[in-house]
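# Tertiary structure, described
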Amino acid sequence: MLHRLAAQSLPRAARSVAAVGGRRASRPAVPRSVAAVVPASSSSSSFSSAPAPAISNPDMMCRQCEQTKDHFACTTVGVCGKTAETSAMQDALMHVAKSVGLWATAARNAGATEDQLKDANVWTLRSVFSTLTNVNFSEERIAGYVREGMEVKKGLEELVPSSSAPKGPVAELDLTGMSLEDLEAFGHGVMLPVRQAAMGNDDCFSLNEIGTYGLKGACAYASHCHQLGRMDESVMADVHAILSKLASDEPDLEGLLANALKVGEVNGRVLAMLDDAHATTFGVPEPTPVRMTAAEGKGILVSGHDLKDLEALLVQTEGTGVNVYTHGEMLPAHGYPGLKKYEHLAGNYGTAWQNQKLEFSMFPGPIVVTTNCVLEPRRAYRDRLYTMNEVGVDGVGHIGEDRDFSAVIEQAKSMKGFQKTVEPATYHTVGFNHRAVLPLAEQVIEATKSGDLSRIVLIGGCDGSQFDRNYFTELAEELPEDALILTLGCAKNRFIRSEKLMGATLGNGMPRVLDMGQCNDSYSAIVVASELAKALDCTVNDLPLSLALSHLEQKAAAVLLTLLNMGVKNIRLGPSLPAYVTPGVLDVLVENYNLMPTLNAQDDAKKIMVGE
């Protein structure tokens, strides 16, 4: 029977959150049918999903992204293209990450220094990041992280007195010397249904999954920070402590909910660190029109998130006659003074990640993918695709930590490039970071009082391939002309080319659409909302502000947990609920945060405009 969690066990911002689940259950044997351990949808909520199918002895079990097959789980091959073998290897790697988390926490408790923990910190971020959706499809690369992780664990063991050593199968894990086949077999033995059966409580395991996927997103953001020379030991102490909790199969409702909300708190600190690192390294973003059409000449296309990689490419291509174009989440790079100063940063090409197979095929030059998202390439561009950092695709070039782009540049020179400049050119303005938006706060407040601005609506998050994601296009276009739209993440591609919205302004002359940046720039939206609330002497939930978030992968899960940890309510989440959320957990999210599904865009727009 459902029961309420002790309020004092939760972070301050979420002390009203109720418990889910029931009494601690005994641990059943590993189920033969995954339908036995996958919950049906909640009857008390507006969210819905199809009943879980009965599938015995699945080859894999992955449901970490919103696009998982049949909104249930990928059980033979991932919708993303991930094989069962790669999925098993990722499960093995996450088990090693939990073991490292236990030993790193013990080492800190034993007095280990930040320098002694450096290898463990860096390995944790990179290895966990490599398990995100659309990051690493290379079984051998993932196995490399596993082997490196075992060496990191051995180093940590030397820092912990035997009397303080963590105990149990995860702490004592040893995969040293295992072949790919052995590692796959091990990963299959710790796959999702096995772990869920070991915990014996669906709601508890749902909270474990929420914490796991949110932590993956937080580690990805922290890895971006590391690329810019930032590493916060207090963040890493919390990351390893969270992993230590996730390593346990104890059905601890209170602890697992608190752990998930802790992920949100940690991710908020990481996003703040990343925001500062970007502004310090490349200058404060400023509103900048970006050419969205091609210019004559040879070119290289850069996708992903890491701006340091883009900067290195711009330095190496300067004076070569090769232009550089951004793609996907690299679009906001044009707003940074330290990057837009390069005249051969020619513009942006293409849209969001899910369209890359067509867009990469048509781009007349090599493509560099610095981080997520990457898809299994077509033959049309496989020989000119290059990966970096945690990204892994077998059979394509990989650029190492030295960021040597010489092979990419030479290939660009050998190709035809764009044969003519497309005219008339079209433009999209980026750079509305919180540092650019907050000086407009008085204008926003005055526009609200004068009637030029009726409501602020944030539409952002991850884009994806489902038809249902057209909801975000329709919602943006359904909003009245006096509504201000803030956007970030690749979901912006759903409407930034809308004829209705391009160049649109409010009655006071402000642009109707303010592009705040990458999903990495979610902190900007948090700052703007917080500062507006201060200026109006109210809470964030009392602002004339509505949020509609497009959810796909683990970075989005991290940002959602950050918002929930802050106590933000009335979020519309879509196009569907993550498959790992049980009815009991969903009831808590609906009851305490008024989490809402995305339904009919026209009806939702009307409700948003009256504050519902």
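### Brief notes about the packing of aromatic side chains
The full count for this structure, using the stated rule, is 9 aromatic pairs. Ring plane angle 65° and centroid distance 5.1 Å describe the contact between Tyr349 and Phe363, whose orientation is recorded as edge-to-face. You can see Tyr349 sitting in the loop between β4 (345-348) and α11 (356-362) and its partner Phe363 sitting in the loop between α11 and β5 (367-369), a full 14 residues away along the chain. Judged by its relative accessible area of 1%, Phe363 is buried. Note on Tyr471 and Phe472: the rings are 5.1 Å apart at their centroids and 90° apart in plane angle, and the pair reads as edge-to-face. Per residue, the accessibility class of Tyr471 equals that of Phe472, and both read buried.

### Side note on the nonpolar core
Grouped together as the largest cluster of nonpolar side chains are 135 residues, with contacts concentrated most on Leu156, Ile300 and Phe405. Ranked by residues supplied to this core, first place goes to helix α8 (residues 253-282) with 13 residues. Beyond its immediate sequence surroundings of up to four residues, Ile300 is in contact with Leu313, Thr317, Val322, Asn323, Val324, Tyr325, Phe363, Pro366, Val368, Val408, Ile409 and Ala412. The next biggest cluster of nonpolar side chains, apart from the first, holds 21 residues, and it includes Tyr471, Ala476, Ala548 and Ile608.

### As for a negative patch on the surface
Taken together, the side chains of Glu114, Asp115, Asp119 and Glu148 define an acidic patch exposed on the protein surface. Within the secondary structure, Glu114 is located in the loop between α1 (84-109) and α2 (118-129).

### A closer look at the side chain of Asn208
With respect to the element layout, Asn208 can be found in helix α6 (residues 202-227). Under the relative-accessibility criterion, Asn208 is labelled buried at 4%. What Asn208 contacts, discounting residues up to four positions off in sequence, is Met199, Leu246, Ser248 and Leu256.

### Here we look at the environment of Arg435
Counting through the fold element by element, Arg435 comes out in helix α14 (residues 434-437). Sequence separation of Arg435 and Pro285 is 150 residues, and the distance between their C-alpha atoms is 7.7 Å. Look past the residues within four positions of Arg435 in its chain and what remains in contact with it is Asp275, Asp276, Ala279 and Val284. Within polar-contact distance, the side chain of Arg435 engages the side chain of His434 at 3.3 Å.

### Some details on the pairing of strand β10 (residues 483-488)
With 6 of 6 residues buried, β10 lies mostly within the body of the structure. Residues of β10 alternate between two faces, with Ala483, Ile485 and Thr487 on one and Leu484, Leu486 and Leu488 on the opposite face, all of them buried. One ladder, built from 6 bridges, connects strand β9 (residues 455-461) with β10; its direction is parallel. Residue pairing for β10: Leu458 is matched across the bridge by Leu486. Here β10 pairs with strand β11 (residues 513-515) via 3 bridges, running parallel. Bridge pairing in β11 links Thr487 to Asp515.

### Describing the pattern of salt bridges
Inspection of the entire model under this criterion finds 25 salt bridges. With its nearest N and O atoms 2.8 Å apart, the salt bridge here joins Arg269 to Asp238. Separated by 31 residues along the polypeptide, Arg269 in helix α8 and Asp238 in helix α7 (residues 233-246) bring together distant segments of the chain. A single network of salt bridges, built from pairs that share partners, joins Asp238, Lys262, Glu265 and Arg269.

### What about the state of the cysteines?
This structure, assessed with the given rule, holds 0 disulfides. The closest cysteine sulfur to the non-disulfide-bonded Cys74 is located on Cys62, 6.1 Å from its own sulfur. In this model Cys519 remains outside any disulfide bridge; the closest cysteine sulfur is found in Cys462, 6.1 Å from its own.

Definitions and cut-offs
- Here the residue index of a chain counts from 1 through its sequence in written order.
- Reporting of local features is limited, given that this is a predicted model, to residues whose pLDDT is at least 70; pairs of side-chain atoms are given and counted only at 80 or more, and all residues count toward the totals for whole chains, interfaces and linings.
- Where side-chain values are given, they derive from all heavy atoms of the structure, hydrogens and water being excluded.
- Centres within 6.5 Å make a pair out of two Phe, Tyr or Trp rings, where for Trp the six-membered ring is used; the pair is then stacked when the planes are under 30 degrees apart, edge-to-face when over 60, and tilted otherwise.
- The helix and strand labels rest on DSSP assignments: H or I over at least four residues marks a helix, E over at least two residues marks a strand, and numbering proceeds from the N terminus.
- Residue exposure (1.4 Å probe, protein chains only): buried if accessible area is under 20% of the type maximum, exposed if over 50%, otherwise partly exposed.
- By nonpolar core we mean a set of buried residues, namely Ala, Val, Leu, Ile, Met, Phe, Trp, Tyr and Cys, connected to one another through side-chain atoms within 4.5 Å.
- In this description, contact between two residues means that some pair of their heavy atoms is separated by no more than 4.5 Å.
- Within this analysis, patches are made of residues with over 30% relative accessible area and no salt bridge. Like charges are joined at 9 Å or less; nonpolar side chains (Val, Leu, Ile, Met, Phe, Trp, Tyr) at 5 Å or less.
- Surface accessibility follows the Shrake-Rupley procedure with a 1.4 Å probe radius. Residue values consider only the protein chains on display as shielding.
- Definition used for salt bridges: Asp or Glu carboxyl oxygen within 4 Å of a side-chain nitrogen of Lys or Arg.
- We treat Lys and Arg as the positive residues and Asp and Glu as the negative residues; His and chain ends play no part in the count.
- All charge positions are set by atom: Lys at NZ, Arg at CZ, Asp at CG, Glu at CD.
- Under this definition, polar contacts are N or O atom pairs within 3.5 Å; protein pairs additionally need one hydrogen-donor-capable and one acceptor-capable atom, and for neighbouring residues in sequence, both atoms have to be side-chain atoms.
- Each pair of strands is called paired provided DSSP finds at least two bridges between the two strands.
- Disulfide: a pair of cysteine sulfur atoms within 2.5 Å of each other.

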